[in-house]
Each structure stands twice: as C-alpha cells, then as structure tokens.
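# Analysis of the macromolecular model
Take a look at the letters that make up each chain.
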Amino acid sequence: MTASATGILPRRLGTLAATGTIVGIMVGSGIFRIPSSVAGHLGSPGLFMLVWVVGGLLALAGALVVGEFTAMFPVPGGHYIQLREGTGEMSAFVFAWTTVFLLRPVALGALGLVFAAYLGTLIPVTAPHERLVAMSLIVVVSAVNYRSVAASGVIATLLSAAKVLALGAMVIGIFLVVPTSASSNTVAAAPSTLHGFGLALVTVMWTFSGWGSSTSIAGEVRNAERVMPRVLFGGVSFVVLLFLAINAAYLHALPMAEIAASKTVAADAATRAFGNVGGSLIALLVVVATFGSMHATMLSAPRMLFALGRDTPALRRLAAVHPEFETPGIAVAVTCVLGVVYLTTNTFEELAGAYVLGSWPFYVLTAVGLFRLRRLRPDLPRPFRTPGYPIVPGLFLTAALVMVINGVWADPVQALKGSALILSGVPVFWLMRPECRPWGRPAR
C-alpha cells in the first residue's frame, strides 16, 4: 500500500539529516543578538560565561529527557506526542494548538524578517521590500518541504554545515587577529544579583531552544528509536560547545559593557577583528543561519500539525499524506500560509516574548510525564533510558520551575500574556475533543 493510503510517512531521513535539523533549528538568529541582553543582566565576564554553561547543561538534560520519550514513541509529532503520552490529551492539545496555530508562524515570520533585513545590507534593492522577501522565503522553503522530505534533509544538512563552518572560522579569526588585551574585560556591565542571573538564564534558554521541536521528525528517521537519542545528545552537545566558543570570542573582542550596549554584537566583534569587511561577512552569515533555521523549522513544524490531525477528527485533513510526494502536504501548506499571514501583522515581538515564559510550563510537564510513565507504565519498551535518572530529569524539572517563577516575578504582565495565550487552547480542546480526559491514563 502507498503512504497516502496507510497515512504513514515513510522513513527517508538518516542520522546526518536528523543532526542537521537539530543544529539547523538551534543555530538561528539568537546567537547573533541574545548575548547582548544576557550581558546586560550580569556583572562580570565570569558570570556571563557561567550562565551559558548552566543553560547548556539544562538544554542537554532536557534533550536526554525527550530522548527517552522519542525512543519509546518514534512517530511524527515530537513534543506533542511526549505530552500526550506523559500527561494526557489536554496538555498535548493545548501545547500543539498554541504552538502550531499561534506561535510557530510568528517564529517563521520573525526569521524571515531577520533574513530579509540582513539580505538588504548585501543586496540593497531588497531593502525596501523586506516583508515581500520574507514571504517569498517562507514560500520557497515550504515548496521544498512539500515536494521531498529527502531533499529537505540534504538541504538542512548542507546549510547547518555551512553556518557551523562559518561560525567556527569567525571564532578562530577573532582569537587570531584581536590582541589579548584589546577588550580590557575588567569593567562590570551591570551589578550581579541572583535574580539577574535567573533572568539571563531565561534568555539563554531561548537561544538554546530547538532541541525539543526537532524530535517532530522522528517518524521519518530510519531506526529512530536508536538514532534520535544519539542525535539529540550529540547535536545539543555540539551546539553548546559552539555557543560557548562564540561567546568567548565576543568577550575576547569586546569589553563586557560594550557587549551589553550593542544591538549587533556579532557584527561589532567581527568589525573589531576584520575591519569594515567584518560587517558584510556577518551579514552573509546571518542570512545563511536564518535561512537554515527556517528550513529546519519548516521540516519539523508540520509534523506536529500532522500528529494533531491524526488525533483530532475535526482536523483530520491535516494528517493527509501526499499521494505522489509522500509528505504531510496539507500540514506543510497550512504552516506556510500561517507564516505568510502573520507577516502582515506587527505582533511578532509581543507574541514571541509572551511565549518565552509561556512555553516553559510544558517543559515542566514533559519532565513530570517522564516520572509518571516510569511509575505507571514500567512495561513499555525503553530502547534508551535517561542517564542519571532520577537526578538528571529532577534537576531539569527544578530548573524549569525556578525559571518560570523567576520570570513571573520579574515581569508578571508578560507572564500573564503568555498564560492567556496558552489557556486560549483549553476551550478549543473541549470543543474538538469532548471525549478526552485531560489528565488520565496516557492515551497510548
């Protein structure tokens, strides 16, 4: 039988494509701008680097947690499946609804605008048409993913390799060219407080985000129950080391206070090392990075929509498999349309900012779900078990809770917006899935 008849997506992605997708999503535009706001919360280079180390360890712990889930349930859907199996139907539906229909399109739109803005510095004719360029990019990337998952995997791998090599060259160049004493990094950028460290950690975790959503492609990865845990651990570890090297290069090139004040820290560091040509090199690097991140996001995001359609009769068409291309064609098309539509609004920063805190309760639930499944369903085959259980998932759960509490304390209005955004999916759940219990025995 064909894939369209069975409703099952064929497994056409290998280890390289899966790794390229994870690295592609994680290495986006954040590392070029987030370090400035992190430095603004902290008072010393030592704390600046420490918060990236802590954030990297938390991301790795989270990757190990979702690695156990992905090995148990190597199907399309990623975090949606993990929540459905671990904590019940309602938390999974609400997460998928708000992510797929409200927030992932915003992320695509934001990536498109960053791509267009930097492309405009290289090709001035595109500068007055940023939104049109961003829309065109979303359509092109969607068309590739609509046509072939195998080709999408190859492109994701090549783009990830290109930007990693370029970032590595930038780091090495800065350390070779800029004298050790050039940055004079002894002046504090801000007073150090535990609260400030917590706020910086929230921002750092936003930069590291992507390891969770990348598991959506597990249903199309060959031998996913063995490959995905290894890819998650290896991919996240590599990105953590890369980000540490990049931030060390920023500190080598610029004083801490200058990093905190800069809106284009990567460009400033490259200019310090390579002169005016450094700005153009960074612009080209950001174009490649955002293009790669958007492509990897478009490869993974429709799979959650596909899984939501399989579980929700009212959305069944979203789970259709293209009869010729054997891709989740309708889910890809809907994701594309939503991304383009959201580009006509001016609410990207507001919605994305609200979701920074609003998304972390779902990571809390994922960790809770891991403990819950170990207790309620010990008979489930577990090809991969989270190392250091229960300490590793316990630390991840505790850290996620602390970040949520710290963020609510720092900005209760923004936290309220994030909560409202999340809770908007609850009435939709009861309308579309009235037969489901919100917190009962895991569905499958």
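Residues numbered from 1 in each chain as written. Predicted model: local features only at pLDDT ≥ 70, side-chain atom pairs only at ≥ 80, totals over all residues. Heavy atoms only, no water.

## A few points about the overall build of the chain
Spelled out, the test is: Under the DSSP-based scheme used, a helix requires at least four consecutive residues in state H or I and a strand at least two consecutive residues in state E, with every element numbered from the N terminus. C-alpha atoms define the radius of gyration, and 2.2 Å times the number of residues to the power 0.38 defines the globule rule. We call a residue buried when its accessible area falls under 20% of the maximum for its residue type, exposed when it is over 50%, and partly exposed in between, using a 1.4 Å probe and counting protein chains only.
Check the secondary structure of the chain and you find 19 helices and 0 strands. Taking 2.2 N^0.38 as the reference for a compact globule, 444 residues should give roughly 22 Å; the C-alpha atoms of the chain span a radius of gyration of 21 Å, in line with that estimate. Its C-alpha atoms give the chain principal-axis dimensions of about 65 × 45 × 40 Å. Counting only residues that meet the buried cut, the chain has 58% of its 444 residues in that class.

## Details of helix H16 (residues 360-376)
Counted only if it meets this: Every helix has an expected span of 1.5 Å times one less than the residues it contains.
With 17 residues, H16 extends 24 Å from end C-alpha to end C-alpha; this agrees with the ideal 24 Å at 1.5 Å per step. Along H16, the residues that are buried comprise Trp360, Phe362, Tyr363, Val364, Thr366, Ala367, Gly369, Leu370, Arg372, Leu373 and Arg374.

## Looking at the pattern of salt bridges
Short version of the rule: Salt bridge, as used here: a side-chain nitrogen of Lys or Arg that lies within 4 Å of a carboxyl oxygen of Asp or Glu.
A full pass over the atoms with the stated rule returns 9 salt bridges. Taking the shortest distance from any N to any O, the salt bridge between Arg374 and Glu68 comes out at 2.9 Å. Here the residue Arg374 occupies a position in helix H16, and Glu68 occupies one in helix H4 (residues 45-72), the gap between them amounting to 306 residues. Glu68 shares its class with Arg374; the two are buried.

## Topic: helix H14 (residues 329-342)
Over its 14 residues, H14 extends 20 Å from the first C-alpha to the last, a length consistent with the 20 Å expected when each residue adds 1.5 Å. Those residues of H14 that sit buried are Gly329, Ala331, Val332, Thr335, Cys336, Leu338, Gly339 and Tyr342.

## What to know about the packing of helix H6 (residues 89-122) against helix H19 (residues 425-432)
Threshold: To define axes, lines are fitted to C-alpha atoms, for helices over the stretch in contact only, and angles between the resulting N-to-C directions are given on a 0 to 180 degree scale. By the definition used in this description, the sense in which the near helix is turned from the far one sets the handedness, with an anticlockwise turn below a right angle giving left-handed and a clockwise turn giving right-handed. Contacts were defined at the residue level, with two residues in contact if any of their heavy atoms lie within 4.5 Å.
The contact between H6 and H19 brings their axes to 9 Å, and the two run at 115°. Considering how the two elements wind past one another, H6 and H19 form a crossing that is right-handed. For the pair H6 and H19, the contacting residues are Glu89, Met90, Phe93, Val94, Trp97 and Thr98 in the first and Gly425, Val426, Val428, Phe429, Trp430 and Met432 in the second.

## Regarding the environment of Gly210
Counting through the fold element by element, Gly210 comes out in the loop between helix H9 (194-208) and helix H10 (224-253). Taking relative accessible area as the criterion, Gly210 reaches 7% and is therefore assigned buried. Remark: the alpha-carbon pair of Gly210 and Asn406, spanning 196 residues in sequence, is separated by 22 Å. Discounting chain neighbours no more than four positions away, the residues touching Gly210 are Ile25 and Met26.

## Some remarks on the side chain of Ser142
The condition that has to hold: For this analysis, a polar contact is any N or O atom pair within 3.5 Å, provided that within protein one partner can donate a hydrogen and the other can accept it, and provided that sequence-adjacent residues contribute only side-chain to side-chain pairs.
Relative to the elements of secondary structure, Ser142 occurs in helix H7 (residues 130-147). With a relative accessible area of 5%, Ser142 lands in the buried category. A distance of 2.7 Å separates a polar side-chain atom of Ser142 from the backbone oxygen of Ile138. Residues within four places of Ser142 in sequence aside, it is in contact with Met298, Val332 and Cys336.

## What about the packing of aromatic side chains?
Stated precisely, the cut-off is as follows: Pairing of aromatic side chains here covers Phe, Tyr and the six-membered ring of Trp, requires ring centres within 6.5 Å, and sorts the geometry by plane angle: under 30 degrees stacked, over 60 edge-to-face, intermediate tilted. Here, a charge over a ring means that NZ of Lys or CZ of Arg falls within 6 Å of the ring centre while also lying within 35 degrees of the ring normal.
One pass over the full model with this rule turns up 14 aromatic pairs. Between Phe371 and Tyr389, the aromatic rings sit 5.3 Å apart at their centres with planes inclined by 40°, giving tilted as the arrangement. On the criterion of sequence distance, the pair formed by Phe371 in helix H16 and Tyr389 in the loop between H16 and helix H17 (391-410) is long-range, its members being 18 residues apart. Through successive ring pairs, a cluster of aromatic residues spans Phe48, Trp52, Phe208 and Phe243. Here the guanidinium or amino end of Arg374 rests over the ring plane of Tyr389, the centre of that ring lying 3.8 Å away.

## Focus: a nonpolar patch on the surface
This is how the line gets drawn: Patches draw on residues past 30% relative accessible area with no salt bridge. Two like charges within 9 Å are joined, as are two nonpolar side chains (Val, Leu, Ile, Met, Phe, Trp, Tyr) within 5 Å. In these tables, accessible area is a Shrake-Rupley quantity obtained with a 1.4 Å probe, and a residue counts as shielded only by the protein chains included in the view.
On the surface, a nonpolar cluster with roughly 570 Å² of combined accessible area is contributed by Ile172, Leu176, Val177, Phe274, Val277 and Leu281. Of all elements in the fold, only helix H8 (149-177) and helix H13 (277-311) reach the threshold of two or more residues within the nonpolar patch. Looking at the nonpolar patch element by element, the count peaks at 3 residues for H8. Mapped onto the elements, Ile172 comes out in helix H8.

## Considerations on the environment of Leu103
In this fold, Leu103 is placed in helix H6. Taking relative accessible area as the criterion, Leu103 reaches 7% and is therefore assigned buried. Separated by 143 residues in sequence, Leu103 and Ile246 place their C-alpha atoms 28 Å apart.

## Things to note about the side chain of Thr312
Here Thr312 shows up in the loop between H13 and H14. Looking at Thr312, its side chain comes within polar contact range of the main-chain oxygen of Leu308, at 2.9 Å. Beyond its immediate stretch of four places on either side in the chain, Thr312 contacts Phe93, Met432 and Arg433.

## Re the packing of helix H2 (residues 15-26) against H8
In plain terms, the rule: What sets the label is the angle itself: under 35 degrees gives roughly parallel, over 145 gives roughly antiparallel, 65 to 115 gives roughly perpendicular, and the rest give oblique. All residues other than Ala, Val, Leu, Ile, Met, Phe, Trp, Tyr, Cys, Pro, Asp, Glu, Lys and Arg, Gly among them, are scored as polar; the first ten of these are nonpolar and the last four charged.
The N-to-C vectors of H2 and H8 enclose an angle of 55°; their axes lie 8 Å apart at closest approach. One finds that H2 runs oblique with respect to H8. Note that H2 runs across H8; the crossing there is left-handed. Judged by residue contacts, Leu16, Ala17, Gly20, Thr21, Val23 and Gly24 of H2 engage Gly153, Ala156, Thr157, Ser160, Lys163 and Val164 from H8. Taken together, the residues of the contact of H2 with H8 break down into 5 nonpolar, 6 polar and 1 charged.

## Focus: the confidence of the model for the chain
The line we're drawing: By definition, pLDDT measures how confident the predictor is in each residue, and it falls between 0 and 100.
Looking at the chain, the pLDDT average stands at 86 and 91% of residues meet or exceed 70. Confidence, expressed as mean pLDDT per element, reaches its minimum in the chain at helix H15 (residues 348-358) with 55 and its maximum at H10 with 95. In this model, residues 440-444 is a region of pLDDT below 50 whose contacts with residues beyond four sequence positions or in other chains number 17 contacts.

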